[in-house]
Each structure stands twice: as C-alpha cells, then as structure tokens.
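These are the residues of each chain, in order.
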Amino acid sequence: MATDASTAAAAVNVRRDFPHFINGAFVPSASGKTFENRSPLDGSLIGLVSEGGKAEVDAAVAAARAALDGPWGKMPVAKRVELLYALADEINRRFDDFLAAEIADTGKPASLAAHIDIPRGAANFKIFADVIKNVPSETFEMATPDGGEALNYAVRVPRGVIAVVCPWNLPLLLMTWKVGPALACGNAVVVKPSEETPATATLLGEVMNKVGIPKGVYNVVHGLGPNSAGEFLTSHRGVNAITFTGETRTGEAIMGAASKGLRPVSFELGGKNAGLVFADADFDAAVEGIARAAFVNCGQVCLGTERVYVQRPIFEKFVAALKLKAEAMKPGLPYEKSTGIGPLISQEHLGKVLSYYGKAKAEGATLVTGGGVPDMPAELKGGSWVQPTIWTGLPETATVIREEIFGPCCHIAPFDTEDEVVALANDTPYGLCTTVWTQDLSRAHRIAKRIDVGLCWINSWFLRDLRTPFGGSKQSGIGREGGVHSLEFYTELRNVCIKYA
Ligand code: NAD
Ligand code: 6OD
C-alpha cells in the first residue's frame, strides 16, 4: 500500500533500489544477494538492498586506498574545504529528497527530520571544514648539544582508510558526523550503513559525484553485521581506523576485530541515561525537557532518558504532567501535522521493546500510561507502532531500570537528597549523558562534576554545539569527537625535527 511517506518519496528523487557506491559508481553485489528494506509505517516493501560480501568490501577499501594515493591525497586543504562546503550546500539543495529518503526508511515525523536529521546532516560537513581550516599546529625551538639549534613542528596527516559503521536511529546525521571530519582531515571512507536505513547513505553518493569529490573517497557497502559487510569491513586489514556508533555489545565485537593489526577505534555506544529533576526546577520546562528526552524519535536516541528521578515534593505532580505529555503524542503518518510520534524502526525492535514492557509488568511496575501497541487504522496495522510508556514503583534492580530499551518509555522514581540522586544516576555500567533540571546554579555545577558521563545537560537536553567534545564514559564509548577533538581520531600527529647550524 502507499502511505504518505512512500507517496512523498515517489514524488521526489528518491531511489527505490539500494546498490553499493564504490569508486564513484552505483553497483550491485557480485553475488546478486539482496535483502528487503521495509517501511516501519506499514511493513510495505520499499526496495531491495544489495548485500555486500568480501568482494565488495575489498573493492571499496581498494578504491579508498587508490583515492588517497591519487588526487584526493594530494589535494590542498583549501580545495578540500571548498568541496565540503559544496557537499553541505548540495544536501540542502536536495533537502526534500533527503527528507523523503530518511522518512521512508525510519517513518519518523517530517517535523523532526526536517528540524534535526537533514540540517545536521549538512552542517556536519561545514563545521569540520571550518575546524580543519583554522586548526593551529605546535612548534618548539630547541638548543642542540653541539651548540646549534633545531626546530620541531607537528603536522597532522590523515590516518588513511576509515571504516564508518552506523546505526539506524539518526542515519544521515550520525553517518555525516563521522564522514564530515574524516574527509575534512583528508581520509577516504568506507561506510557500512545500518541494514535498516540504507537510503540516505546511498543518496549521498549522488551528491558526492555532483560536487566533484574524487571517486573512491566516499564508498558505501550495504549489508548486515556478523558474517556480512560489517564484520568483513571491520576485520579488513586495509582499514586503518574504525569509527562505530551502535550497541555496546557490537562495539565489543568490533574491538576484537580492530585488535588484529592494532587499528584505533572511536566508539559511541549505548546508554541508560538518568534525568534528574529537583523541586526548585522550572516545572514546565522540566516536564517539556524530560518528555523530549524520553519520547522524541520514539525513544530511539542514545542520549534519551529512560530513568527519571524526581525530588519528592513534586513527584506526584511531575508524574501526572509527564503522563499528559505522553498521552498527547499522537501516532501517525510523517507528513501529517498532528503526528507527535512515529513508529519504532522495525518489527524486530518492536518485539524487543514490547518484551521490556512485559518485563516491567511482570516485575510489578505501576503502569502510569501506555504499555502496549496503539490502535492504528487498518492500513497501518503492519507498522511498528508502540505506545509511549511510563512506569513507577519499581526497585532499582528491575530490568527496565538496568538495561537499555531504546523505546519511548521511562521509569520515574522519587528521591530526597542530592547525594542520593547522584548515587542513583551513577549506578549503571553506562555513562553517556544526563539531563539535570534545577535553578540552583551551585548545585548544577556540583552535580555536573559528580555524575560519571561524557555529556551533562543542565536545564536542557540534546542541545548541541558541534565544536564541543561528544562521547561517553564507562561502557558508553571510547574517545571524544566534535570540533578539534575529532582531529585526534581522524589524523596522526607527525613531529618534524629540523636541525640547523
Ligand atoms: P547495532 O550495534 O545493532 O548496529 C550498528 C551497526 O553495526 C549496524 O550497521 C550493524 O549492521 C553493524 N554491526 C552489527 N554487528 C556487527 C559486527 N559484528 N561487526 C561489524 N558491524 C556490525 O546498533 P543499532 O541497533 O543500529 O543502534 C542502536 C544502538 O546504538 C543503541 O544501543 C544506541 O544506544 C546506540 N547508539 C549510540 C549512540 C552514541 O552516540 N553513543 C548514537 C546512536 C546510537
Ligand atoms: O549530535 C550528535 O553529534 C550525536 N552524535 C548525537 C547522537 C545521538 C544518538 O542517538
């Protein structure tokens, strides 16, 4: 059936087949193997995705290496910067195509994708072009034992071929967040998009050709993870570094592959983030902020809040207010103005989220709202729809408080003191981010120091300045990207020491 997302996709220039993009050309798999890309809105078939094997990974890595040895490797920074600006401009010129492609794959509301996914997809090229244009280098003069002098200076050189392995929740944004700095630094990339969301990475190939990025600089190999393109790419010895966003468990597997040949990794992984709401918070702003953190993108944001702690004097009022927010999120089609929430990414993920809803019930949660599947019109019943859900009353040992669900749900618990809530927030193997709501500035600073995370938002959530360090502590990641921090991963520093008389 045609949903408004598929109709919109057909109306603009969006591909319905998903070949690889290798050495500047769209190619199917040599094996002819494909897998299905289905709409999360209704389960309808969007198109067939080529499944890459060792042959495609070999070809893509070879193309990337040849680009580094060819014009790309010799291109002056100023020209690279010009091309990255052109990439961003061309994505913006084809905004509606990218929007339709992203929406077809994910089913997310157009209001969300037009506000976050696509603009950020473009901005990721400009910000890192600016960074590389402006980054200084270091020099040291030294006296030599023979009475002469030497000058040391450091130059940044690209690492080489970078494997970029991506998830499905913010496909274009999270892919370009890696490809932008990698290219700015002069590397060539082989991207393995999520099997759930092949569209925008493929479309970006057209943009690369249009603006004149040399062939082989940007390659895309589609496929699955284990024993497929993901594993073949990350274990390929021609890959010099691996940047990965996804589940912590997958990160462990990729780290194993990266250990062969001692390739560096940059990992952005899972989370079980806490939201802390103090009684002195701006109440309405806190409710709005936590509602976004828990439910936006149908809860499929790594920075999302699945554990909410609210100070006791405002606990009941807060639970009631968040319940109203959750219930006001109308599920619906992406381009409808009334739509507040889209579907989950797939039937498989729906099964996972519903299994957690079942565990919460079995472990004795009080269900404040949701807990199941919304009643959708007949033509959308094949979609991956789920209700935004709130629980209270569970002990901290409960499964839905310990494990990342990646759905539109949260547990809310009361707390009394600052020390108590800091301990609760830190009681997790993850350490990606937190969102804290208080009007007490001293408390905000104290808490920001004490919660063991990579990102601490005060009176805000997912507010991004791309020059800042981004990444997780503990099992939420390895390394930081963003601004100059991305240079640490995407370049090697080489010291040049010149002795002169
Ligand atoms: P995932 O780990 O299942 O898959 C991510 C990618 O890895 C996919 O392209 C997949 O094909 C590939 N892959 C899977 N197994 C592999 C293997 N053995 N070798 C190589 N590649 C393999 O993650 P997902 O389900 O796509 O995304 C959701 C997860 O991502 C959540 O845990 C979420 O928290 C996390 N995430 C983290 C961040 C962050 O910035 N920290 C951002 C977005 C998503
Ligand atoms: O904003 C970003 O740069 C970023 N990496 C966001 C990650 C969101 C996770 O789902």
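The rules we used
Residues numbered from 1 in each chain as written. Chains lettered and ligands numbered in written order. Predicted model: local features only at pLDDT ≥ 70, side-chain atom pairs only at ≥ 80, totals over all residues. Heavy atoms only, no water. Pairing = 2+ DSSP bridges. Helix = DSSP H or I, 4+ residues; strand = E, 2+ residues; numbered from the N terminus. Axes fitted to C-alpha atoms, helices over the stretch in contact; angles between N-to-C directions. Contact = heavy atoms within 4.5 Å. Domains from an automatic or database assignment. Buried area = accessible area lost by both parts, 1.4 Å probe. Salt bridge = Lys/Arg side-chain N within 4 Å of Asp/Glu carboxyl O. Nonpolar A, V, L, I, M, F, W, Y, C, P; charged D, E, K, R; others polar. Near = heavy atom within 4 Å. Polar contact = N/O pair within 3.5 Å; in protein donor to acceptor, adjacent residues only side chain to side chain. Areas by Shrake-Rupley, 256 points an atom, 1.4 Å probe, with all protein chains shown as cover.

Draft legend 1. Looking closely at the sheet that holds strand β19 (residues 433-437). The strand order β15-β16-β17-β14-β13-β19-β20 describes an open sheet built from 7 strands, whose pairing is mixed. Looking at strand neighbours, the two that pair on one side only are β15 (366-369) and β20 (455-458), the edges of this open sheet. For this sheet, the mean angle separating the axes of adjacent strands, direction not counted, is 25°. In terms of strand pairing, strand β14 (residues 305-311) meets strand β17 (residues 409-415) through 5 bridges, oriented parallel. Residue pairing for β17: V310 is matched across the bridge by P414. Contacts from helix α11 (residues 283-295) reach β13 (273-277), β14, β16 (389-392), β17 and β19, with the element oriented near 160° to β19.

Draft legend 2. Examining the environment of E149 more closely. As for its placement among the helices and strands, E149 is situated in strand β7 (residues 149-158). For the pair E149 and A25, spaced 124 residues apart in sequence, the C-alpha to C-alpha distance is 52 Å.

Draft legend 3. Here's a closer look at the sheet that holds strand β23 (residues 491-500). Within the open sheet, the 3 strands sit side by side as β6-β7-β23. Their pairing is antiparallel. Where the open sheet ends on each side, the last strands, each with one partner, are β6 (139-143) and β23. Ignoring which end each strand starts from, the neighbouring axes of this sheet average 25° apart. With 5 bridges joining them, β6 and β7 adopt antiparallel strand pairing. Bridged to F140 within β7 is N152.

Draft legend 4. Region of the structure containing the domain arrangement of the protein chain. For the protein chain, the domain assignment lists domain 1 (5-11 + 18-33 + 44-269 + 476-497) and domain 2 (273-465). Placing a centre on the C-alpha atoms of domain 1 and another on those of domain 2 gives a separation of 31 Å. Between domain 1 and domain 2, the contact holds 24 residues from the first and 23 residues from the second. When domain 1 packs against domain 2, the two sides together hide about 1900 Å² of surface, and 61% of this comes from carbon and sulfur. Inspection of the region where domain 1 meets domain 2 yields 0 salt bridges. When contributions to the side of domain 1 that touches domain 2 are tallied by element, the ones reaching two or more residues are α1 (4-11), α5 (95-106) and α6 (110-134). Of the residues in the side of domain 1 that touches domain 2, the class split is 12 nonpolar, 6 polar and 6 charged.

Draft legend 5. Quick look at the site of ligand 2. Near ligand 2 the following residues occur: R120, N169, L170, L174, W177, E268, V301, C302, L303, F462, R464 and F470. In this structure, N169 approaches ligand 2 through a side-chain N or O atom, which is 2.8 Å from an oxygen atom. A distance of 2.7 Å separates an oxygen atom of ligand 2 from a polar side-chain atom of R464. Compared with its free state, where it exposes 310 Å², ligand 2 has 99% of that area covered by protein. Counting the residues that make up the shell around ligand 2, at least three belong to each of domain 1 (5-11 + 18-33 + 44-269 + 476-497) and domain 2 (273-465).

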